[in-house]
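Single-letter residue listing:
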Amino acid sequence: MDNLGTFLSVLSQGLPFTIIATVGGILLTIVLSFVAGLALLSSSKTVRVISRIYVEGLRGTSEVVQLFWIFFALPVLVGFQIVPIWAGILVLGLNHGAYGAEIVRGAVQSVPRAQVEGAIALNLTPGQRMRRVVLPQAVVEMMPPFNNLFIQLLKSTSLLSFVSINEITRQAQQVLVPRFNPQAFEIFLLLLVMYLILSLVITAIMRTLERVAAARVGRRPSARSRRQATGAGVA
Amino acid sequence: MPSLDKTVAEPMIVFDGVEKRFGDNVVLSELSFTVAPGEHVCLIGPSGSGKTTILRLLMTLEKCDGGTISVAGQSLSHMTHNGRRVPADEKHVRDVRKRIGMVFQQFNLFPNMTVRGNLIEAPTRVLGMSKDEANARATELLDLVGLGDRIDSHPTQLSGGQQQRVAIARALAMRPDVLLLDEVTSALDPELVAGVLKLLRDIGSSTDITFLCVTHEMGFARDFSDRVMMFDGGRVIEDAAPEKLFTAPEHERTQAFLHAVVDR
Amino acid sequence: MNVWDWSFAAQILPALLDGLRITLIATVLGSLIAFVLGLVLAILGRGPTPVRIVVRAIVEFIRSTPLLVQVYFLFFVLPTFGVVLPALTVGVLALGVHYATYTSEVYRAGIDAVPRGQWEATTALSLPRMRVWTGVVLPQAIPRVLPALGNYVISMFKETPLLIGIGVYDIVGQVREVGGQSFRYVEAYTLAGLLFLLLSYPASLAVRRLERRSAVPR
């Protein structure tokens, strides 16, 4: 374990890229999830179909393929290369936004119909019903699945090592392993622990937000949501 | 716009040949009746006879499959545009709906808002009332329903009876001409029913709101209403003053229904 | 230079399909491991407290960290212990273990959904432990979780391309090869994406139909 300090410092050099990609990807995911998720519930068929194509198209193709497509095929089509980290955030956001759209749609639909009827009886406009009554309640339901999705996104940032972004996985695999091959076990264990800590940070933040959102609708987070909020796969 | 005098003269609510089906199931067929301004009308009858559907059609929570429904002379489904009768747009529906308030069986309070939030939401956002004015009105209405001290509570912290009182106050805050009551005491514990019914009687006697209620409380129907309509199989089978309907019902289905309800 | 060349697309298609074969092999073998190992983890997760805690910790750790890093871990660490395996084998193992942590949760939910009375009846009949699982609990739990397992197979299929990290020449590996030789990436990557969509979209529709037909515990 003599080289532990070296391992830590080399891996840490990749940390900013991992964190920027995660935070940027999460922000883009949130925006796309709400836009596409609400579009899935639109009364206009055209809007619904466009959103459905986005969701199924991005969920149906492999994220690795999407990454390479944006890095190698898109520049040919548009005529210039996007800054790698931006392209990375774009892929992470586009891909996870498609999954998030279904989370938003499902949560909005889970708000009891009676709440919408209460809002109609008070003559609120369709926009006011959504913003003031439905979404504040739906957001509570979204928190646990979004926590899972964000952890999934964090894990996906490791794929950016394929396209020369020097995040922590690339630091381990390209810089450390060639020099300290016999200590591969320590290097990768350390790397895995770093991801574990980052995912625990995401879960801690999301649980806090869930508590705040649940308190606003006069509820405690359910036992089910607590169990779900522990990083699971997205099918 | 009809003149004020004419509005008073014409019925507040008109159902004309209204049809409603859910799939193959005909819930209402060729239903016609009117309710005069300020009149209190109770709808009684066995479950599944279409009573609640009438309120939901009026509140535009359901669309009718035929016939027309009008409130204060304006159709819910059609409007006049350039002298022609065309399907109503959202704005027209909202204009008509502004006159109608509704209290639900399950209260339907918004859990993401406090009691105050529930009461000022629609007045400020739909009627364009100032926040101060809406707050003053909310305080006044909560005092009226006996919950002046719970203005900053969350709906989930209140009992069923308290939640229903808030829901009544919320509907009144919109100053409706018509108030629809959909089995408002059915979800309450028995000991809380009387208080809510007394509140409704007080409101009924101190305002000129037109009431249309679906209820299983025969005592309330009897002393609250000017008229009672007995429903069965999607039709009005008897329509009479409560004294008459409850003491000397003409139709044998009415007799059987009242017999069954009172025996319980 | 045209952006899209149909004859080039046709020319590279056989190589892509050959890669797709590898992708499918990895998915099928990985799924088998995930199905079996996930069930073992789920049953161990109901064992005595120390076992439960250890299993739970391992499952959480694997779920919360990237599959790619786990692939590298096996690929670079196993040889240091003298175990040298072909890249595809390492990939299948990593896929299987990673997804076993997902499927174990699915099985757990399915087992939890078996009514308490069923367990009590097996006790009343003094059924042997093995028979309780194979004769009563699993036959009720597994049909209910099939759609969820199906979804994870589709997920795994789409994640398999990351095995190019250790040089497995699946569909994306082939794309890099043919794209790199001719510098024509648009056709290669677009076709690869379409091939994934062509297989995974009908599969997920089928799973959704299965889901609607059986009540699935979430």
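Located above this text is the structure these notes cover.
First, a word on scope: everything that follows refers to the structure included in this document.

Reading guide: rules and limits
- Residues numbered from 1 in each chain as written.
- Chains lettered and ligands numbered in written order.
- Predicted model: local features only at pLDDT ≥ 70, side-chain atom pairs only at ≥ 80, totals over all residues.
- Heavy atoms only, no water.
- Helix = DSSP H or I, 4+ residues; strand = E, 2+ residues; numbered from the N terminus.
- Buried < 20%, exposed > 50% of the residue type's maximum accessible area, 1.4 Å probe, protein only.
- Contact = heavy atoms within 4.5 Å.
- Lys, Arg positive; Asp, Glu negative; His and termini not counted.
- Charge placed at Lys NZ, Arg CZ, Asp CG, Glu CD.
- Pairing = 2+ DSSP bridges.
- Axes fitted to C-alpha atoms, helices over the stretch in contact; angles between N-to-C directions.
- Buried area = accessible area lost by both parts, 1.4 Å probe.
- Salt bridge = Lys/Arg side-chain N within 4 Å of Asp/Glu carboxyl O.
- Polar contact = N/O pair within 3.5 Å; in protein donor to acceptor, adjacent residues only side chain to side chain.
- Nonpolar A, V, L, I, M, F, W, Y, C, P; charged D, E, K, R; others polar.

**Here's the deal with the overall build of chain A**
So, step 1. Along chain A, the regular secondary structure elements total nine helices and zero strands.
So, step 2. For chain A, the proportion of its 235 residues judged to be buried stands at 56%.
So, step 3. Of the contacts formed within chain A by residues at least 6 apart in sequence, a portion of 78% connects residues at least 24 apart.
So, step 4. Of the side chains in chain A, 20 bear a positive and 9 a negative charge, and the two mean positions are spaced by 12 Å.

**What to know about the sheet that holds strand E3 (residues 40-44) of chain B**
Strand pairing in a sheet relies on backbone hydrogen bonds, with the paired strands running either antiparallel or parallel.
Residue and element names in this part refer to chain B.
So, step 1. Pairing is mixed across the open sheet formed by six strands, whose spatial order is E8-E9-E10-E3-E11-E12. Edge strands, defined here as strands with exactly one partner in the open sheet, are strand E8 (100-103) and strand E12 (235-240). Shown here is a sheet whose adjacent strand axes are inclined to one another by a mean of 20 degrees, direction ignored.

**A word on the interface of chain C and chain A**
So, step 1. The interface of chain C with chain A comprises 41 residues on the first partner and 47 residues on the second.
So, step 2. With both sides pooled, the region where chain C packs onto chain A buries about 3,900 Å², and carbon together with sulfur makes up 68% of that total.
So, step 3. The interface formed by chain C and chain A holds one salt bridge in total.
So, step 4. The tally of links between chain C and chain A comes to eight residue pairs in polar contact (both at pLDDT 80 or more).
So, step 5. Elements supplying a minimum of two residues to the side of chain C that touches chain A: helix H2 (49-63), helix H3 (67-77), helix H4 (87-112), helix H6 (129-159), helix H7 (171-182) and helix H8 (185-213) of chain C.
So, step 6. Residue contributions to the side of chain C that touches chain A peak at 11 residues, all from H8(C).
So, step 7. In terms of residue class, the side of chain C that touches chain A is built from 23 nonpolar, 11 polar and seven charged.

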